[in-house]
Amino acid sequence: MLENATEELVREVLAEYKRKDPICDCPNCEDDVVAMVLNVLPPKYFLSSATSGEKIAHTLDKKLRFEALIKISEMVPVVCQRNHPEKQ
Ligand SMILES: [Zn+2]
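Quick summary incoming for the structure in this document. (Residues numbered from 1 in each chain as written. Predicted model: local features only at pLDDT ≥ 70, side-chain atom pairs only at ≥ 80, totals over all residues.)

### Quick word on the overall build of the chain
Item 1. Each helix and strand in the chain was counted, giving 4 helices and 0 strands.
Item 2. Secondary structure elements of the chain occur, N-terminal to C-terminal, as α-α-α-α.
Item 3. If you take every contact in the chain between residues at least 6 apart in sequence, the share linking residues at least 24 apart comes to 84%. (Helix = DSSP H or I, 4+ residues; strand = E, 2+ residues; numbered from the N terminus. Contact = placed C-beta atoms within 7 Å.)

And the structure:
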């Protein structure tokens, strides 16, 4: 099955983000943040010939992780506001 390799990167960066800035722990917000970030970052699909080294290099790509972090910090308040307007 094909998987967008950028999803793993975004989930890792989000886990790091949450260690400093906790986000809503309801079942929807985390996935919604990941979905919104994946909608703006370029997807990455590996061919069957890709090595695990290439996959690891993608997950550790500093520029992409930085872009993901920027987008995560933009999307977190948007998602929380959308999912829980009563909290604002
Ligand atoms: Zn929530």
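Resuming the write-up.
### What to know about the packing of helix α1 (residues 5-20) against helix α4 (residues 62-83)
Item 1. One can describe the packing of α1 onto α4 by two numbers: an axis separation of 9 Å at closest approach and a directional angle of 60°. In terms of orientation, α1 lies oblique with respect to α4. Every pair of crossing elements has a handedness; the one defined by α1 and α4 is right-handed. Contact residues: L9, V10, V13, L14 and Y17 in α1; L64, R65, A68, L69 and I72 in α4. (Axes fitted to C-alpha atoms, helices over the stretch in contact; angles between N-to-C directions. Parallel < 35°, antiparallel > 145°, perpendicular 65-115°, else oblique. Left-handed = near helix turned anticlockwise from the far one by under 90°.)

### Details of α1
Item 1. Where α1 is concerned, the buried positions are T6, L9, V10 and V13. Projection of α1 onto a plane perpendicular to its axis shows the buried side chains occupying an angular sector of 95°, all on one side. Opposite its buried face, α1 presents the exposed residues A15 and R19, each directed more than 90 degrees away.
Item 2. The inward-facing, buried residues of α1 contact α2 (29-40), α3 (52-59) and α4. (Buried ≥ 20, exposed ≤ 12 C-beta atoms within 10 Å, placed from the backbone. Arc of directions from axis to C-beta.)

### Topic: the packing of α1 against α3
Item 1. Across the interface, α1 lies against α3 with an axial gap of 9 Å and an inter-helix angle of 45°. Taken together, the axes of α1 and α3 lie oblique to each other. For the pair α1 and α3, the sense of crossing is right-handed. When α1 is examined against α3, the residues A5, E8, L9 and E12 are found in contact with a partner set consisting of K55, H58 and T59.

### Considerations on the nonpolar core
Within soluble globular proteins, side chains that are nonpolar tend to cluster in buried spots.
Item 1. The biggest cluster of nonpolar side chains holds 11 residues, and these are L9, V10, V13, V33, V34, V37, A68, I72, M75, V76 and V79.
Item 2. Secondary structure elements with two or more residues in this core: α1, α2 and α4.
Item 3. Broken down by element, this core gets its largest block of residues, 5 residues, from α4. (Core = buried A, V, L, I, M, F, W, Y, C linked by C-beta atoms within 7 Å.)

Taken by themselves, the reported measurements are silent on function.
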